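Coordinate inspection notes
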Amino acid sequence: MPDLTDEEYDALDEYYTKNPPKLSGNGKSGFFARHAEKGDTLIFVDDLSANWLRIKAGAANTTPEAIIRQLVGKEIAAACSAASK
């Protein structure tokens, strides 16, 4: 697709500002809506971390979220232990 002129960009901007696209679904079926409904907070990680989490989770027959929860729990316990000394 060739580049648009400034006038064409402006026309598209005005059109979509006045006519926003309709989203399919019921507002609860999309990826982000499902996670927000469950109270999840999405966290994005780099490829190395994501691959490591998937491998660890697969080996432990659990989810990447459970691995993160376990790691965070260990860090919190270590910090509390260090603070009480």
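Please read these numbers as outputs of a predicted model, since none were measured by experiment.

If you tally the helices and strands in the chain, you get four helices and zero strands. Its helices and strands taken in sequence order, the chain reads α-α-α-α from the N to the C terminus. Within the chain, buried positions represent 7% of all 85 residues. Taken as a whole, the chain presents about 7800 Å² of accessible surface, with 58% of it coming from carbon and sulfur.

With that settled, the discussion passes to the packing of aromatic side chains. Applying the stated rule across the entire model yields one aromatic pair. A ring pair is formed by Tyr15 and Tyr16, whose centres lie 4.9 Å apart and whose planes are at 85 degrees; its orientation type is edge-to-face.

What counts as what
Residues numbered from 1 in each chain as written. Predicted model: local features only at pLDDT ≥ 70, side-chain atom pairs only at ≥ 80, totals over all residues. Heavy atoms only, no water. Helix = DSSP H or I, 4+ residues; strand = E, 2+ residues; numbered from the N terminus. Buried < 20%, exposed > 50% of the residue type's maximum accessible area, 1.4 Å probe, protein only. Areas by Shrake-Rupley, 256 points an atom, 1.4 Å probe, with all protein chains shown as cover. Phe/Tyr/Trp six-rings, centres within 6.5 Å; stacked < 30°, edge-to-face > 60°.

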